[in-house]
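One letter stands for each residue in the lines below.
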Amino acid sequence: MDYRRRKAIQKFLQVSVIAIVLLLFLFPIIWTFITSIKDNVTAWSMPPKIFFSPSVSNYVEIFKERGLHHNIKNSIIVALGATAISLVLGTPLAYMFARTRYRFNNFLFIFVFASYILPPIVLSIPLYVAAARVGLLNTYLVVILAHSSFCMAFTVWMLRGFFEEIPVEIEECAMVDGCSNLMTLFKVTLPIATPGLVATVIFCIILSWNDFMYALVLTGMDTRTLPVAVGQFLTPHGMFWGQMCAAGVIATAPVLVFSLFFQRYLIRGMTAGAVKG
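Bear in mind the structure is a predicted one, so any value in this text is a computation, not a measurement. (Residues numbered from 1 in each chain as written. Predicted model: local features only at pLDDT ≥ 70, side-chain atom pairs only at ≥ 80, totals over all residues. Heavy atoms only, no water.)

What follows deals with the packing of aromatic side chains. All told, the structure shown has eight aromatic pairs when counted by the stated rule. Aromatic side chains Trp44 and Trp241 sit 6.5 Å apart centroid to centroid with 65 degrees between the ring planes, which places their arrangement in the edge-to-face category. Note that Trp44 is positioned in helix 2 (residues 40–44) and Trp241 in helix 13 (residues 241–261), a separation of 197 residues in sequence. A network of ring pairs unites the aromatic residues Tyr116, Phe154, Trp157 and Phe203 as a single cluster. One residue, Arg66, lies across the ring of Phe240, its end atom 5.3 Å from the ring centre. Directly above the ring of Phe109 sits Arg160, whose terminal nitrogen or CZ lies 4.2 Å from the centroid. (Phe/Tyr/Trp six-rings, centres within 6.5 Å; stacked < 30°, edge-to-face > 60°. Helix = DSSP H or I, 4+ residues; strand = E, 2+ residues; numbered from the N terminus. Lys NZ or Arg CZ within 6 Å of the ring centre and 35° of its normal.)

This is the structure in structure tokens:
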């Protein structure tokens, strides 16, 4: 077998494997969208119908009758609130871990990061009991604080690596010119770490937007977020497949569009600290 033929076969196999993997990953999303534009009868048909007349009735019903726009508003408020708190508190903490070398520095960092790696069910019940005693159940504040617990831990973990990659000599030059530690952080360090900050904001918004467990336990009818609202289509009277898939598409679309729009910041943010200058 000559070289060109061998390379052609190798390339064909690579493309085939990539196509199969993409199909496996995209099939649930594609099938969810297809089901969302079926009517109730077609959605329940067995075997599933491939050819049918598409309808947007499910989307109309979830907004007009189910009030999904209210759940979208709740998710936006919670995600932005949790992200803001995580950045305000997590950025100075990440800078402290990156620039100080105390004896128990790594232990404290692991302690902070533990709230991110712990399963949500571990903290959900204690948070519910505490929120019930102080009267914060069914409020935005308790959900924002719960989401801030893991978003801030993620912020500290991610920004610490970016701050460590910034040469200390740059900050020392700024201090020689008269900048205080706080001025150096805001005027020198943070502008250099902008790709990391943008990537951290995006990931925090996605983490908060996708959370189900904390929102399920801590919210009520007025503050229910979008992931929890998707489950309301599973009722004792039956499963509303078309409406559930339509709500799933609405819940997934902003994350996909947001990630694609800021893709270059995500790539720069995830790779900026990989190579030292």
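Attention now goes to the packing of helix 3 (residues 57–64) against helix 13. The contact between helix 3 and helix 13 brings their axes to 9 Å, and the two run at 80 degrees. The orientation of helix 3 with respect to helix 13, classified from their angle, is roughly perpendicular. Counting all contacts with helix 3, which are made through Asn58, Tyr59, Glu61, Ile62 and Phe63, the residues of helix 13 involved are Gly242, Gln243, Ala246, Ala247, Val249 and Ile250. Residue composition of the contact of helix 3 with helix 13, grouped by class: seven nonpolar, three polar and one charged. (Axes fitted to C-alpha atoms, helices over the stretch in contact; angles between N-to-C directions. Parallel < 35°, antiparallel > 145°, perpendicular 65-115°, else oblique. Contact = heavy atoms within 4.5 Å. Nonpolar A, V, L, I, M, F, W, Y, C, P; charged D, E, K, R; others polar.)

Here we come to the nonpolar core. Membership of the largest hydrophobic core comes to 31 residues, with the highest contact counts inside it found for Val156, Leu159, Phe163 and Leu218. Elements with a minimum of two residues in this core: helix 4 (68–99), helix 5 (105–117), helix 7 (140–165), helix 9 (181–192), helix 10 (194–210) and helix 11 (213–218). The residues contacting Leu159, other than those within four sequence positions of it, are Thr91, Ala94, Gly196, Leu197 and Thr200. One finds Ile37, Ile62, Ala251 and Val255 within the second-largest nonpolar core, a separate group that totals 19 residues. (Core = buried A, V, L, I, M, F, W, Y, C linked by side-chain atoms within 4.5 Å. Buried < 20%, exposed > 50% of the residue type's maximum accessible area, 1.4 Å probe, protein only.)

Below, the discussion takes up the pattern of salt bridges. Scanning all chains against the criterion turns up two salt bridges. Among the ionic pairs, Glu171 bridges to Arg99, the shortest N-O distance being 3.0 Å. Remark: Arg99 occurs in helix 4 and Glu171 occurs in helix 8 (residues 168–176); sequence separation between them is 72 residues. Under the relative-accessibility criterion, Glu171 is labelled buried at 3%. Residue class for Arg99 comes out partly exposed when judged on its relative accessible area of 22%. Between Glu164 and Arg160 there is a salt bridge, and its shortest N-O distance comes to 3.2 Å. Here Glu164 and its partner Arg160 are both found in helix 7, four residues apart, which amounts to about one turn of the helix. (Salt bridge = Lys/Arg side-chain N within 4 Å of Asp/Glu carboxyl O.)

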